[in-house]
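If you want the building blocks of each chain, they are given just below.
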Amino acid sequence: MPALKIPRKVRSIVAPFVESRVPGPEEFVVLSEPLLNATLKLAELLRECKPKWAMSGDAGELVSGVNVSADHLSILTTAEGCEEISRKLAENLVQTPGMVERKLEREANIDLKPYPVQIKSYEARFQIDGQRLDVYGGLQIRVGDWEWGDPLDYSPEYVYVGSEKLPVVPLRLKTELYIGLGWMDRVKKINEAMTRRHHGPGFGG
Amino acid sequence: MSSVIMEPHKDLVCLGAGFMSGLVAAEVARDSHNYQVVAITKGPWWDYVSDFSTTKYDEWGVGLGRKYDSPLPVQSTTIRNSPTQFALPVRRYTMPIQYHALGHGVGGAAQHYGGTMGRQGPWGYQQKTLTDTNYPGKLTNIQSNNDLQDWPLDYAGYEPYYHKWELVYGLCGTNNGSPNDTSSDLNYPWMDSSYGSKYPMPPHPLTQVAQQFQSACLATPPPQGAKFTSYHPFPHVSSLASQPYTNVPYGVPVNPCVYDGYCGGNCNYACETGAKANAAYRTIPAAMATGNFKLVTNAYIFRLVWDATSHTVTEAHYYDAQGNVHIQPGTVFFNGMWGYNMIRIMLLSGVGVPYVFNSGPPQSGSGSVGRGLTNGYAPYTGTSVTGTLNLGANSYSAGNASGGSVDIYDLMDDNFDHTNLNFIGGAQIGLGGYAGGGPGNITLAGGVSPSNTGVGGTFKAKQKDRYLPTTTGVGATPFAPDIPTYDHYVDLDPHYTDIYGDPLSRLTYDWTDNMYNGATYLATVVAAILTKMGASNVKVATTPPKVHNDWWGHHLRGGCRIGKDPASSVFNSWNQHWLVGSPSTIGTNYFAAGEITNTAGDTVPSGTHVAGPQSWRAAEGIKQYLMSPGLLTP
């Protein structure tokens, strides 16, 4: 059959359609390929790691569906876990494990007042396929001049990254931490992710 | 007043934004050459929270009004059973004409499908050669007017693409029940460990019925002629995420299934968490993140412009929602539209050689576009086997459409000797899935009448039994593959048009003998397994003769083949459109892949899974073509 001619006159049609707003690139949650590859390698290297560990930080939230941007990987573990990970990732070690205490760039916001936030942990740093990995063992937080909190503990949740089952710090714990620090923008981002996951309200209001 | 708007040139223009286009768009947009890509779809962007999380529970609007689906007043198709009949248009989505509605918008039909997956095994890719070799003359005896062809690549050629595609879309399962013995003549879709010997996510939890089926399979002796010594049951492969997932290599996080019960069920329900794999929540985000990709929604493509001199498609023309005409030029065009829409736009635009049926005798045909229409689904009036388990249930139980069941591939393909059987191939048998179609209040409302439910106490007892039954019905409707014939095809309807005045596609199709012949044998074999499960009242109901196809379900396949011969196939192994030319065959800038391109009725229910690797290969082909235009060689 020969090709039909395109009609010269455009027909005026009232066709049913559903209004559509295409999200912008910033609305999609995507872990960058270098971090994704480093995550896969990390999961493989730590498959037999006995002490409790879980992916944390922005990348940990991102693989859980939270719309944040990440520029490195983080692991939350115990001091023993930090030692064990350092042994397993010896070839990737950049900073040997040791106690580190420092002030975070972002301050807490409690009752509309800013407070400095300090953390201390048994910490090591690595490079996995060119990507930075920070490992925090027994992380404690102090706000202002209050007492240090207990070392963070959690029951990991799991995310499959490809075929790799990866432990991640639960978003519920992150929410509680952010509420305590008054970082409500981060609480909101987690709530948005939980709303998309459970079609209902997330944690913490 | 409508306008004509010229759009900026793109390296790749994707027609449609569903399963196939999404992957191709992501792969090409992510390429290091920063190719500019656009995807054009006739429907909207669906946000699963705002569009589905509450409104999908509107059973009437979704199940009968089909409010998420492709609007038939805009575009439909006509159907008939033979070339001598007058085809009539499909005007509504309800049974018996059609209850598997076509998709609409970003994600396409996969927004509301059941997520059933399962690779096609080696036999499926070489049905013709293997049948002619192992059973000379059988094919002609079964279907004298058959037009069966092999795929251009064998299973081993597609396996790497399967693996990559499964990581992107995130499939759940273990393996395929495969003994992984690639050297044997068994036809399981084996999973080579060098690519990963299992699906990325674990399967959904098995139901009690599925567990009973699994045990019964292991305890039931194989039928006579089986090439296996015992059945290999395995959890059903599903594309509904069973766990929180991040896909590879795109890094797109995916929410897990929440088992809300409103899932596939006649392909009614979209997913409210994005757990149901489709392009909108797996590949399009990766394409968007590159900044090289543009998505155009509510845009109805009505023509491709074919340059007969350069043998290329130069433009796609589409209407926007206001009736303006947009002209989209491009270097390469990828058609990821729904099957017969893909064929229709080619026929409307003069792309390729239209198939022409010759009634003979003997029957034959020439040309390729529209050739070899088949079906990948059971006749709903087909042969079935049923039984009753003494097992209580809860019809309101949560679940999804493709989780919880157990399958066997042992009765599929050539895993049993067909020498004395009057069919080729077999069927995937599965049992024990969740009730994933919602509680079905529409059905209930439609079924309430004194004649069939009684009144008063009788009515109440029937309703109680409906929602809290004390027994569970089990069964299967197995059928062997549909064999393409010369008289089953797609062309343009001479009488009916779409809303814009262009001819509709016309489907000429009826069930074929191989399907029915296989069904009778398979139902009997499955009956033995049901009996071993402890089912009572096991019955095999054979199909009444002279039952004709009266639907145009979206499991229709074929009609736009990939193949080895440019005279009888539309696309080569790279899913590149090719034409017999002089002095040599020409490879054009037009690519396509989809469920429709299968060369024969599937041996597994999910053509989507089978089409996935094609889209990956097409993406590779397109990138090659962009670097060096011309006919791609295998």
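It should be noted that the structure appears before, not after, this text.
Our subject in this report is the structure included herewith. These numbers were taken from a predicted model, which means no experiment stands behind them.

Turning next to the overall build of chain A. For chain A, the count of helices and strands is 5 helices and 9 strands. Walking chain A from its N terminus toward its C terminus, one meets helices and strands in the order α-β-α-β-α-β-β-β-β-β-β-β-α-α. Burial analysis of chain A (205 residues in total) assigns 36% to the buried set. In chain A, the proportion of contacts linking residues at least 24 apart, taken out of those at least 6 apart, comes to 57%.

Residue and element names in this part refer to chain B. If you look at the biggest cluster of nonpolar residues, it comprises 172 residues, and the most contacted ones within it are Cys14, Val24, Ala25, Val37, Phe334 and Ile622. Apart from residues lying up to four places away in sequence, Val24 is in contact with Cys14, Phe334, Gly336, Ser615, Ala618, Ala619 and Ile622. The next biggest cluster of nonpolar side chains, apart from the first, holds 42 residues, and it includes Val406, Ala427, Phe479 and Tyr516.

Moving on: the sheet that holds strand 18 (residues 429-431) of chain B. The strands making up a sheet associate through hydrogen bonds between their backbones, and the pairing can be parallel or antiparallel. Residues and elements named next belong to chain B. Spatially, 3 strands are ordered 6-17-18 in an open sheet, and the strand pairing comes out antiparallel. Lying at the two open borders of the sheet, with one neighbouring strand each, are strand 6 (234-235) and strand 18. Each of strand 17 (406-408) and strand 18 is contacted by helix 8 (residues 208-219), which is oriented at about 30 degrees to strand 17, the strand it contacts most.

Turning to helix 11 (residues 339-349) of chain B, a few remarks are in order. Residues and elements named next belong to chain B. Across the 11 residues of helix 11, 11 count as buried, placing the element largely inside the fold. Taken together, the buried positions of helix 11 are Gly339, Tyr340, Asn341, Met342, Ile343, Arg344, Ile345, Met346, Leu347, Leu348 and Ser349. Of the residues flanking the end of helix 11, it is Gly350, one or two places downstream, whose phi is positive at about 75 degrees.

This brings us to the interface of chain B and chain A. Taken together, the contacts link 50 residues of chain B with 42 residues of chain A. Among the secondary structure elements, those contributing two or more residues to the side of chain B that touches chain A are strand 7 (245-246), helix 10 (284-290), strand 10 (300-307) and helix 11 of chain B. With 4 residues, helix 10 of chain B is the largest single contributor of residues to the side of chain B that touches chain A. Of the residues contributing to the side of chain B that touches chain A, the split by class is 31 nonpolar, 17 polar and 2 charged. Summarising the sheet, strand 8 (residues 157-161) of chain A and strand 7 of chain B pair through 2 bridges and their orientation is parallel.

Once that is clear, we can look at the environment of B:Lys42. Residues and elements named next belong to chain B. Mapped onto the elements of the fold, Lys42 is located in the loop between strand 3 (37-40) and helix 2 (48-52). Classification of Lys42 by C-beta neighbours within 10 Å gives buried; the count is 30. Separated by 67 residues in sequence, Lys42 and Ala109 place their C-alpha atoms 12 Å apart.

Turning our eyes to something else, we now look at the environment of B:Pro202. Residue and element names in this part refer to chain B. Take Pro202: it is sitting in the loop between helix 7 (155-169) and helix 8. Separated by 28 residues in sequence, Pro202 and Thr174 have C-alpha atoms that sit 6.3 Å apart. In contact with Pro202, not counting residues within four places along its chain, are Cys172, Ser242 and Gln243.

Calculation rules
- The residue count restarts for each chain, going from 1 along the sequence in the order it is written.
- Here the convention is simple: chains get letters from A, ligands get numbers from 1, in the order in which they are written.
- Thresholds applied to this predicted model are a pLDDT of at least 70 for local features of residues and 80 or more for the giving and counting of side-chain atom pairs; totals over whole chains, interfaces and linings are not thresholded and use all residues.
- Put simply, DSSP H or I for four residues or longer makes a helix, DSSP E for two residues or longer makes a strand, and each gets a number counted from the N terminus.
- Put plainly, a residue is buried at 20 or more neighbouring C-beta atoms within 10 Å of its own, exposed at 12 or fewer, and partly exposed in between, counting only other residues' C-beta atoms, which are placed from the backbone.
- Contact definition: two residues whose C-beta atoms, as placed from backbone geometry, lie within 7 Å.
- A set of buried residues qualifies as a nonpolar core if it consists of Ala, Val, Leu, Ile, Met, Phe, Trp, Tyr and Cys joined through C-beta atoms within 7 Å.
- In this description, strands pair whenever DSSP reports at least two bridges between them.
- Throughout, an axis means a line fitted to C-alpha atoms (over the contacting stretch in the case of helices), and angles, computed between N-to-C directions, take values from 0 to 180 degrees.
- All residues other than Ala, Val, Leu, Ile, Met, Phe, Trp, Tyr, Cys, Pro, Asp, Glu, Lys and Arg, Gly among them, are scored as polar; the first ten of these are nonpolar and the last four charged.

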